[in-house]
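Working through the structure, step by step
Read off the chains here:
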Amino acid sequence: MGLPFALTGAVFAVLYTGFIASADGITKLLAGGYAPAQIYALSGAVVAGLCAATTLMRSGARSLPDGLRTDCRLAMGLRSAATVAAALCFFYAFRLLPFAEVFIFIGLMPLLAGLMSAPILRERVRPGAWLALAAGFGGVICVFPGGLSSLTAGHAVALGASALGTLSITLSRYIGRHEQNVLAQVLYPNLALSLVMLPVLPFVWLPMPMVDVVWALSYAGLLFGARWLLVAALRRLPSYAVTPLMNLQFVWMVLIGALGFGEVPEQSTWMGAGVIAASGIYLVWDQLTPGGNVWSKSMINARRQVRHRAGVAMRTDP
């Protein structure tokens, strides 16, 4: 792997954290004035439309059905349902909690993935990884110096959002073992989000000034761009190199929270984020040790099987 190629992957990963944090900032901005149905019905439709348009530009109209086809219908349906539920929970979490504090729960997602990998992906979690998972949950406790009595509904919603988001990501990894259609994994969850919100939309609709329409469209564009950048980064760098860079999302969220919402994280928030980041880095290191990189080996074998069944090597560069 050449240095320029790897460096481009690192740049894409850093840009991803900025894009996704900016999208979350817009969610928090709009969450105070609108119901989630109004935001997600619009943004979900825009992202789904961008996926279809991208497929058209790459393959042409005749290849559109094949470009959007999925061979993992049950897993894709479960992933879409988890994505819709996670989006709703994150919406209310951003409404109820300071921006940077939500990152504590977002930072838990790679750790929760370790818990889900065994039953869903049949991946073995090594003893050291269990210690890192325990330390990660300890990082969450740092945010509550007053003990469990300081827990609020917002924290419970944020934890639910992280669990559901992790389920969606884990199912995405499962689907990736059986097919290589990346755009389908972006299309169907966002299409489901739009369709689920549409029936509720007439009951919660509020007139939107043009500036808020622009914000909502910007959110959709940032979300689509973030997904594309993540795929592009993972095409150029192994996942164990991309994951530590994603901790930069906390820095973006602190900056956006301070500049956009006047929020300054408390010392306990910094401590919790540090513990969770350290736990995630250890999990990455654990993957690099002999016998630890189970996911990469199984992914390579699965992709070879997919190409063999298809009879051709499928090109999936974004």
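Residues numbered from 1 in each chain as written. Predicted model: local features only at pLDDT ≥ 70, side-chain atom pairs only at ≥ 80, totals over all residues. Heavy atoms only, no water.

If you check an unreviewed UniProt entry, the chain appears there as DMT family transporter from Phaeobacter gallaeciensis.

Thoughts on the overall build of the chain
Counting secondary structure elements, the chain contains 15 helices and zero strands. Across the 318 residues of the chain, 47% fall into the buried class. Within the chain, contacts between residues separated by at least 24 positions form 88% of all contacts whose residues are at least 6 apart in sequence. For the chain, the computed accessible surface area is about 15400 Å², with 70% contributed by carbon and sulfur atoms. (Helix = DSSP H or I, 4+ residues; strand = E, 2+ residues; numbered from the N terminus. Buried < 20%, exposed > 50% of the residue type's maximum accessible area, 1.4 Å probe, protein only. Contact = heavy atoms within 4.5 Å. Areas by Shrake-Rupley, 256 points an atom, 1.4 Å probe, with all protein chains shown as cover.)

Digging into the nonpolar core
Counting 38 residues, the largest nonpolar core has Tyr 40, Val 47, Cys 51 and Met 197 as its most contacted members. For this core, the elements supplying multiple residues, two or more each, are helix H1 (3-31), helix H2 (36-59), helix H4 (73-96), helix H9 (182-197) and helix H11 (210-236). In terms of residues, this core owes the most to one element, H11, which gives 11 residues. Apart from residues lying up to four places away in sequence, Val 47 is in contact with Val 186, Asn 190, Ala 220, Leu 223 and Phe 224. Within the second largest apolar cluster, 19 residues are counted, among which are Phe 94, Leu 97, Leu 108 and Ala 161. (Core = buried A, V, L, I, M, F, W, Y, C linked by side-chain atoms within 4.5 Å.)

Remarks on the confidence of the model for the chain
The share of residues in the chain with pLDDT of 70 or more is 71%, and the mean pLDDT across the chain is 75. When pLDDT is averaged over each element of the chain, H4 comes out on top at 91 and helix H15 (residues 294-310) at the bottom at 48. Counting contacts from residues 293-300, a segment whose pLDDT is below 50, to residues more than four positions away or on other chains yields 11 contacts. Every residue in residues 309-318 is under pLDDT 50, and counting partners more than four places away or in other chains gives 15 contacts. (pLDDT = per-residue confidence, 0-100.)

Structural notes on the pattern of salt bridges
A side chain of one charge can pair with a side chain of the opposite charge if their charged atoms are brought near each other. Tallied over the full model, the rule gives one salt bridge. The salt bridge partner of Asp 71 is Arg 69, with a shortest N-O separation of 2.4 Å. Its relative accessible area of 43% is what places Arg 69 among the partly exposed residues. (Salt bridge = Lys/Arg side-chain N within 4 Å of Asp/Glu carboxyl O.)

Notes on the environment of Phe 94
Structurally, Phe 94 is set in helix H4. As for Phe 94 and Leu 30, which are separated by 64 residues in sequence, their C-alpha atoms are 9.8 Å apart. Setting aside chain neighbours within four positions, we find Phe 94 in contact with Asp 24, Thr 27, Lys 28, Phe 99, Val 102 and Met 253.

What to know about a nonpolar patch on the surface
Nonpolar side chains collect at one region of the surface, where Leu 248, Val 251, Trp 252, Leu 255 and Leu 259 lie side by side and expose about 480 Å² of accessible area between them. Mapping Leu 255 onto the fold places it in helix H13 (residues 248-261). Assessed through its relative accessible area of 44%, Leu 255 is described here as partly exposed. (Patch = residues over 30% accessible without salt bridge, like charges linked within 9 Å, V, L, I, M, F, W, Y side chains within 5 Å.)

Some points on the side chain of Thr 170
Assignment of secondary structure puts Thr 170 in helix H8 (residues 153-178). In contact with Thr 170, not counting residues within four places along its chain, are Ala 113, Met 116, Ile 120 and Leu 121.

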